[in-house]
Amino acid sequence: MRRSGTSSEMIFLDSSVLIEGLKGNPSAVALFEEILRQELIPVINDIVFSEFLFHYIALKTGVSPFTVKKRREIDEVLSPSEPKDFLEQFHVLPADDDVLELAYGMMVKHNLLPNDAIILATCLTFGIKLLGTLDSDLREAGMAEGLEVLP
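It should be emphasised that the depicted structure is a prediction, and the values quoted were computed from it without experimental measurement.

Chemist: So what's going on with the overall build of the chain? Residues and values would help.
Modeler: Tallying secondary structure elements over the chain gives 9 helices and 5 strands in all. Starting at the N terminus, the α and β elements of the chain follow one another as β-α-α-β-α-α-α-α-β-α-α-β-α-β. For the chain, whose C-alpha radius of gyration is 15 Å, the value lies close to the compact-globule estimate of 15 Å for 151 residues. Projected onto the principal axes, the alpha-carbon positions of the chain cover approximately 45 × 35 × 25 Å. Buried positions account for 40% of the 151 residues belonging to the chain. Intrachain contacts of the chain at a sequence separation of at least 6 include 64% that bridge at least 24 residues. When the accessible surface of the chain is split by element, carbon and sulfur atoms take 53% of a total near 8,400 Å². Seen as two clouds, the 13 positive and the 24 negative side-chain charges of the chain have centres 6 Å apart.

Chemist: Before we move on, could you go through a negative patch on the surface and cite the residues and values that matter?
Modeler: A cluster of acidic side chains, namely Asp96, Asp97, Asp98 and Glu101, defines a negative patch on the protein surface. Its place among the elements puts Asp96 in the loop between strand 3 (91–93) and helix 7 (97–110).

Chemist: Account for the sheet that holds strand 5 (residues 148–150), with residues named and values stated.
Modeler: Within a sheet, each strand pairs with its neighbour through backbone hydrogen bonds, oriented either parallel or antiparallel. A sheet is described by the order of its strands in space; here 5 strands give the open sequence 3-2-1-4-5, paired in parallel fashion. Among the strands making up the open sheet, the edge pair consists of strand 3 and strand 5. Each adjacent strand pair in this sheet contributes to an overall mean axis angle of 35°, direction not counted. On the sheet, helix 3 (residues 46–61) packs against strand 1 (10–13), strand 2 (41–45) and strand 3 and is oriented at approximately 85° with respect to strand 2. Along the sheet, helix 9 (residues 136–144) contacts strand 4 (130–132) and strand 5; its crossing angle with strand 5, the most-contacted strand, is approximately 155°.

Chemist: Residue-level account of the layout of surface pockets, with values.
Modeler: Of the voids in this model, the largest pocket is the one considered here, and its volume is about 250 Å³. Along its surface, the largest pocket is lined by 15 residues, and Asp14, Ser15, Glu51, Asp116 and Asp135 are the ones closest to its centre. If you list the elements that add at least two residues to the lining of the largest pocket, you get helix 1 (15–23), helix 3 and helix 8 (114–125). A total of 5 residues in the lining of the largest pocket trace back to one element, the largest contributor, which is helix 1. Of the residues assigned to the lining of the largest pocket, the class counts are 3 nonpolar, 5 polar and 7 charged. Size it by volume and the second largest pocket reaches roughly 180 Å³. Residue lining of the second largest pocket: Leu13, Phe32, Ile35, Leu36, Leu40, Pro42, Phe86, Gln89 and Phe90, and that is the complete set. For the lining of the second largest pocket, the element with the highest residue contribution is helix 2 (residues 26–38), accounting for 3 residues.

Chemist: How would you sum up helix 7? Please name residues and give values.
Modeler: The end-to-end C-alpha distance of helix 7 is 20 Å, a good match for the 20 Å that 14 residues give at a rise of 1.5 Å each. Every buried residue belonging to helix 7 is among Val99, Ala103, Met106 and His110, and all of these are buried. Along the axis of helix 7, the buried residues cluster in a sector spanning 65°; they form a single face. Away from its buried face by more than 90 degrees, helix 7 exposes Asp97, Glu101, Tyr104 and Val108. Those residues of helix 7 hidden inside the fold are in contact with helix 8 and helix 9. One side-chain oxygen of the residue at the start of helix 7 lies 3.2 Å from the amide nitrogen of Asp98, identifying that residue as Asp96. Phi for Asn111, located one or two positions after helix 7, is positive at around 55°.

Procedures and definitions
- Residues numbered from 1 in each chain as written.
- Predicted model: local features only at pLDDT ≥ 70, side-chain atom pairs only at ≥ 80, totals over all residues.
- Heavy atoms only, no water.
- Helix = DSSP H or I, 4+ residues; strand = E, 2+ residues; numbered from the N terminus.
- Rg over C-alpha atoms; globule rule 2.2 N^0.38 Å.
- Buried < 20%, exposed > 50% of the residue type's maximum accessible area, 1.4 Å probe, protein only.
- Contact = heavy atoms within 4.5 Å.
- Areas by Shrake-Rupley, 256 points an atom, 1.4 Å probe, with all protein chains shown as cover.
- Lys, Arg positive; Asp, Glu negative; His and termini not counted.
- Charge placed at Lys NZ, Arg CZ, Asp CG, Glu CD.
- Patch = residues over 30% accessible without salt bridge, like charges linked within 9 Å, V, L, I, M, F, W, Y side chains within 5 Å.
- Salt bridge = Lys/Arg side-chain N within 4 Å of Asp/Glu carboxyl O.
- Pairing = 2+ DSSP bridges.
- Axes fitted to C-alpha atoms, helices over the stretch in contact; angles between N-to-C directions.
- 1 Å grid on protein atoms, 1.4 Å probe; cavity = no way out; pocket = protein on both sides within 12 Å on 5 of 7 lines; lining within 4 Å.
- Points joined across faces, edges and corners; volume = space filled by probe spheres on them.
- Nonpolar A, V, L, I, M, F, W, Y, C, P; charged D, E, K, R; others polar.
- Expected span 1.5 Å × (residues − 1).
- Arc of directions from axis to C-beta.
- Polar contact = N/O pair within 3.5 Å; in protein donor to acceptor, adjacent residues only side chain to side chain.

This is the structure:
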């Protein structure tokens, strides 16, 4: 995964955007087009990486990822290139100690579940001003923290 760029040109994408983009959701597709048009640097963190792959397995197989794991079929779902090629388009930021400390406070302040709080804390820690999400809880908290939330 690439890991460079400046915060002024980055947009953090929540897993909801990645997953809905794969499904062809017009809002998600339009956001991807806008990212390309504005030449923004799309970033994620390990939380989004994990959430996306979990949902990708379910979408690809039509069954629970836990069922796929139990059947020992993950290697049949994930090819050497798919969805790896898709994920390699994103810069990955770490959820380090500073992010996790701030995330705890975001949970309390905005009544967020851990994954959304870590995503918001990642944006705040790295100075990312743009957040792409289709999640209403994360949208509200992001706007309350001064982020521009798309779409």
